[in-house]
Amino acid sequence: MSRIRIKRVYDKPLKKDGYRVLVDRLWPRGISKEQAAADEWEKELAPSATLRKWFGHDPGRWEEFQTRYKAELDKNKAVDLFIKTHKKKKIITLVYGAKDEYHNQALLLQQYLEEKAG
């Protein structure tokens, strides 16, 4: 599998980002498609609306969020399709809108995809 990075969608896009994939279910506020510079918007890899609302970016819920999100990913057919479709890309950057760089779905998704792709 490709090397997977993560980056806030609000940070300036760079060539070294490689293939940029927005992994939020909702489009980030105040960002145009040009500013996002996303090659793809993969809503299906994002947490469900129910889980996203429950988490609410509360660091106190991070541990449980990880467990619930991994359970969603385990059942998500989009994961295997994503890995198969993107396995030849050198660099993939998962972009996200959350302010918290330590408690967000992109961080967990990065780890999950790397483990799953082996």
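Heads up: the structure comes first, above all this text.
Residues numbered from 1 in each chain as written. Predicted model: local features only at pLDDT ≥ 70, side-chain atom pairs only at ≥ 80, totals over all residues. Heavy atoms only, no water.

## Notes on the nonpolar core
Proteins that are soluble and globular tend to have nonpolar side chains buried together. The biggest cluster of nonpolar side chains holds 24 residues, and the ones touching the most others in it are Phe65, Tyr69, Val79, Phe82, Leu94, Leu109 and Leu113. By size, the runner-up hydrophobic cluster in this structure holds 5 residues, among which are Val9, Leu22, Ile31 and Ala36. (Core = buried A, V, L, I, M, F, W, Y, C linked by side-chain atoms within 4.5 Å. Buried < 20%, exposed > 50% of the residue type's maximum accessible area, 1.4 Å probe, protein only.)

## Describing the environment of isoleucine 92
Tracing the backbone shows isoleucine 92 in strand S4 (residues 91-96). C-alpha of isoleucine 92 to C-alpha of glutamine 110: the two residues are 18 residues apart in sequence and 9.8 Å apart in space. (Helix = DSSP H or I, 4+ residues; strand = E, 2+ residues; numbered from the N terminus.)

## Brief notes about the environment of valine 9
Locating valine 9 in the fold gives a position in the loop between strand S1 (3-8) and strand S2 (19-22). Setting aside chain neighbours within four positions, we find valine 9 in contact with Arg20, Leu22, Pro28, Ile31, Gln35, Ala36, Val95, Tyr96 and Gly97. (Contact = heavy atoms within 4.5 Å.)

## Overview of the sheet that holds S2
Taken in spatial order, the 4 strands make up an open sheet running S1-S4-S2-S3, and their pairing is parallel. Edge positions in the sheet fall to S1 and strand S3 (40-41), since each of these pairs with one other strand and no more. Contacts between helix H4 (residues 77-86) and the sheet are confined to S2, S3 and S4, with S4 contributing the most and set at about 140 degrees to the helix. Along the sheet, helix H5 (residues 105-117) makes contact with S1 and S4, crossing S1 at roughly 175 degrees. (Pairing = 2+ DSSP bridges. Axes fitted to C-alpha atoms, helices over the stretch in contact; angles between N-to-C directions.)

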